[in-house]
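# An overview of the molecular structure
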Amino acid sequence: MAGSAANAQTALDYIHSRMEKARRRFGAPPEAVELVAVSKTFDADAIMPFLAAGQRCFGENRVQETKDKWPALRALYPDVELHLIGPLQTNKAREAVALFDVIESLDRDRLAGILAEEMRRADKRLPCFIQVNIGGEAQKAGIAISEAVDFVNRCRDMHGLDIAGLMCIPPDGQPAGPYFAQLAQLADAAGLSGLSMGMSGDFETAIAMGATHIRVGSALFGHRPSAG
Ligand SMILES: *Cc1c(COP(=O)(O)O)cnc(C)c1O
């Protein structure tokens, strides 16, 4: 799928029509669902056609890769909105605050404190999503379900962060619907309206469960050469 603006436009149109159908079919509220185009592992040449086709919201999972790719692209398209969707180490928090517009992978107190400090230093206030380990998987990032609401409150009240919603990556190989429903319930309990959930394989289900942001990579850009 690399290459032309026409291909990028076709891919975007196709995803948007599926998003629209999902919203209508399930009677989701009429607000637009934000499409976060996950461009991780794809180089600037692959991303450019999507920018030319009007896509402005992108997701990346690595600070270093974002630093290599995006400053030049942002110079051409200043209204780009970059979401960090991968795990963040505290020693990269300063760079992340400089590079990104939204942090979707906030999942622990130490990171919340350091992000808050770096945002003050940079005089920026980036909206954050709290990542929840919705499947309770040992190897996955995210705050435990049982701690999520308290953590949201600490992020807002103690750290003074702007918490936009919750984010999750459900376990592989299982129907995602029940996990999405559970994330929506948690967001409700925490008084949050943002829900970042749904990827290429399950974004329609996520929209049915109330997603406000879907993160779609391979359905737009094609298969990633390596895991990432
Ligand atoms: C890679 C990634 C995506 C996109 O996955 P696709 O299946 O290619 O759509 C979404 N969210 C996160 C957190 C990711 O790391």
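Above this text is the structure in question.
Residues numbered from 1 in each chain as written. Predicted model: local features only at pLDDT ≥ 70, side-chain atom pairs only at ≥ 80, totals over all residues. Heavy atoms only, no water.

Scanning the protein chain for helices and strands turns up 9 helices and 8 strands. A globule of 228 residues ought to have a C-alpha radius of gyration of about 17 Å, and the protein chain, at 17 Å, matches this closely. Taking the principal axes of its C-alpha atoms as reference, the protein chain extends roughly 45 × 40 × 30 Å. Sorting the 228 residues of the protein chain into buried and exposed places 49% on the buried side. Put simply, 60% of the contacts in the protein chain that link residues at least 6 apart link residues at least 24 apart. Surface exposure of the protein chain reaches about 10,500 Å², of which carbon and sulfur atoms provide 51%. Across the protein chain, the mean location of the 24 positive side-chain charges is 2 Å away from that of the 28 negative side-chain charges. (Helix = DSSP H or I, 4+ residues; strand = E, 2+ residues; numbered from the N terminus. Rg over C-alpha atoms; globule rule 2.2 N^0.38 Å. Buried < 20%, exposed > 50% of the residue type's maximum accessible area, 1.4 Å probe, protein only. Contact = heavy atoms within 4.5 Å. Areas by Shrake-Rupley, 256 points an atom, 1.4 Å probe, with all protein chains shown as cover. Lys, Arg positive; Asp, Glu negative; His and termini not counted. Charge placed at Lys NZ, Arg CZ, Asp CG, Glu CD.)

Moving on to the site of the ligand. If you check the shell around the ligand, you find 12 residues, and the closest are Lys40, Ser200, Gly217, Ser218 and Arg224. Arginine 215 places a side-chain nitrogen or oxygen 2.9 Å from a nitrogen atom of the ligand. When isolated, the ligand has an accessible area of 390 Å², and the protein chains bury 88% of it. Considered class by class, the residues forming the shell around the ligand number 5 nonpolar, 4 polar and 3 charged. (Near = heavy atom within 4 Å. Polar contact = N/O pair within 3.5 Å; in protein donor to acceptor, adjacent residues only side chain to side chain. Nonpolar A, V, L, I, M, F, W, Y, C, P; charged D, E, K, R; others polar.)

A few words on the state of the cysteines. Enumeration according to the criterion identifies 0 disulfides in this entry. Not part of a disulfide, cysteine 128 finds its nearest cysteine sulfur in cysteine 155, a span of 7.5 Å. No disulfide involves cysteine 168; its sulfur sits 17 Å from the nearest other cysteine sulfur, which is in cysteine 155. (Disulfide = S-S within 2.5 Å.)

Here we come to the pairing of strand E1 (residues 34-38). For a regular strand, side chains alternate in direction, first toward one face of the sheet and then toward the other. Taken across its 5 residues, E1 has 4 buried, putting it largely inside the fold. Bridge analysis of E1 against strand E8 (residues 213-216) gives 4 bridges, and the strand direction is parallel. Considered in E8, the bridge of alanine 37 is made with valine 216. Bridge analysis of E1 against strand E2 (residues 57-60) gives 2 bridges, and the strand direction is parallel. Bridge pairing links alanine 37 to phenylalanine 58 in E2. Where the polypeptide runs from E1 across helix H2 (residues 44-52) and back to E2, its parallel neighbour, the crossover connection is right-handed. (Pairing = 2+ DSSP bridges. Right-handed = clockwise from strand over helix to strand, strands pointing away.)

Attention shifts here to the pattern of salt bridges. In total, this model carries 14 salt bridges according to the counting rule given. A salt bridge links lysine 67 to glutamate 95; the shortest N-O distance between them is 2.5 Å. One end of the pair, lysine 67, is in helix H3 (residues 63-76); the other, glutamate 95, is in helix H4 (residues 93-99), and 28 residues separate them in sequence. (Salt bridge = Lys/Arg side-chain N within 4 Å of Asp/Glu carboxyl O.)

One can find alanine 116 in helix H5 (residues 109-122). Residues alanine 116 and isoleucine 214, 98 residues apart in the sequence, show an inter-C-alpha distance of 25 Å. Aside from chain neighbours lying at most four places away, what touches alanine 116 is His159 and Leu161.

If you want to describe how two helices pack, look at the angle between their axes and the distance between the axes. Contact geometry of helix H1 (residues 5-26) with H2 gives a least axis separation of 8 Å together with a crossing angle of 65°. Of the possible angle classes, the one that applies to H1 and H2 is roughly perpendicular. The interaxial crossing formed by H1 with H2 has right-handed handedness. Between H1 and H2, the contacting residues are Ala5, Ala8, Ala11 and Leu12 on the first element and Pro49, Phe50 and Ala52 on the second. Looking at the contact of H1 with H2 residue by residue, the class counts come to 7 nonpolar, no polar and no charged. (Axes fitted to C-alpha atoms, helices over the stretch in contact; angles between N-to-C directions. Parallel < 35°, antiparallel > 145°, perpendicular 65-115°, else oblique. Left-handed = near helix turned anticlockwise from the far one by under 90°.)

Attention now moves to unusual backbone geometry. The backbone of threonine 41 shows a phi angle near 75°, a positive value even though the residue is not glycine. The phi dihedral of aspartate 123 falls on the positive side, at around 55°, and the residue is not glycine. Relative to the helices and strands, aspartate 123 resides in the loop between H5 and strand E5 (128-132).

The next subject is helix H6 (residues 145-157). In this model H6 runs 19 Å from its N-terminal to its C-terminal C-alpha over 13 residues, within 8% of the 18 Å that 1.5 Å per residue would give. Looking at the buried residues of H6, the elements they touch are strand E4 (102-106), H5, E5, strand E6 (163-168) and helix H7 (177-190). (Expected span 1.5 Å × (residues − 1).)

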